[in-house]
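# Architecture and fold: a report
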Amino acid sequence: MLDPKDITAVILAGGRGLRMQGADKGLLPLWGRPLVSHVLERLEPQVGRVLINANRNLEHYRKLATVIPDDEYHFAGPLAGFEAGLTHAPSEWVLFVPCDSPLVPADLAVRLCAAVHRHDQIAVVDDGHQLHAATALMHQSLLPSLCNYLDGGDRKLQLWYERHQLVPVDFSDQASAFCNLNTPEALIELEGRGA
C-alpha cells in the first residue's frame, strides 16, 4: 500500500470565493482561527508535507506553509490548483483538499492511499450521497493530461475526470466531515455548532 507519509497534501485556497462575496475563503475565521489552519492541522499528521495553493494574501498563507500559486492557469478553479500541486509537489502522489472543508477526517490520507493501485487511478471521496470531487488523491503522471485539458479551454472538473479511472472511496461513516463551507450561512451554522 502507498504510505501516506510519502505523499504531499495541497490545500486548495486559490479560488475567487464568489459565493462568499469574493472573500478569500481560506482566511475566513472559524472558531477563532482561519479555515485553512483547521485543514492544515488535520492534514499535517497524515502526510509527508503540506502545501497551500493560493492566489491572494500570499504573505498570510506563507506564515503557515509553503505557498504555490496558479502560475499557469490563474483562477481556473480546482483544476488550476491540481496543476500547481502536481507541478510543485516533492512527491509523486498528491492529495488535494479544499480549504473550506475544515473537518476532514484523521484517516483521510490512509484510506485514499489504500484505494489506489495504479498511477492512472484517482481516489475521490464519496460520502454516500455524492462525490467530493476536489478531495482527491492523484499521481503526477496525470499532469500532461490535465495541462492538455486546460490548454483546450475547459475548466469542468467532472469532464476531466471522465478521461480517467475514478476510484470512489467510501466515507459514508464520516459524511459530515466533508461539509463544504461555500456560503456565509454555512460558515455561521458550523460556527454555532462549536469546535
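Everything discussed here concerns the structure shown above.
Residues numbered from 1 in each chain as written. Predicted model: local features only at pLDDT ≥ 70, side-chain atom pairs only at ≥ 80, totals over all residues. Heavy atoms only, no water.

This part covers the sheet that holds strand β4 (residues 49-54). Spatial strand order, β5-β4-β1-β6-β8-β7-β9: 7 strands in an open sheet with mixed pairing. Strand pairing shows two members of the sheet lacking a second neighbour, β5 (66-68) and β9 (165-170), which therefore form its edges. Going across the sheet, the axis of each strand differs from the next one's by a mean of 30°, ignoring polarity. Here strand β1 (residues 8-13) pairs with β4 via 6 bridges, running parallel. Considered in β4, the bridge of Ile 11 is made with Ile 52. Seen against the sheet, helix α4 (residues 108-115) touches β6 (93-98), β7 (121-126), β8 (131-139) and β9 and runs at an angle of roughly 135° to β7. (Pairing = 2+ DSSP bridges. Helix = DSSP H or I, 4+ residues; strand = E, 2+ residues; numbered from the N terminus. Axes fitted to C-alpha atoms, helices over the stretch in contact; angles between N-to-C directions. Contact = heavy atoms within 4.5 Å.)

Looking at where His 38 falls in the secondary structure, it is placed in helix α1 (residues 35-43). Accessibility expressed as a relative area gives 6% for His 38, which makes it buried. When near neighbours in sequence (up to four residues on either side) are disregarded, His 38 contacts Leu 30, Trp 31, Arg 33 and Pro 102. (Buried < 20%, exposed > 50% of the residue type's maximum accessible area, 1.4 Å probe, protein only.)

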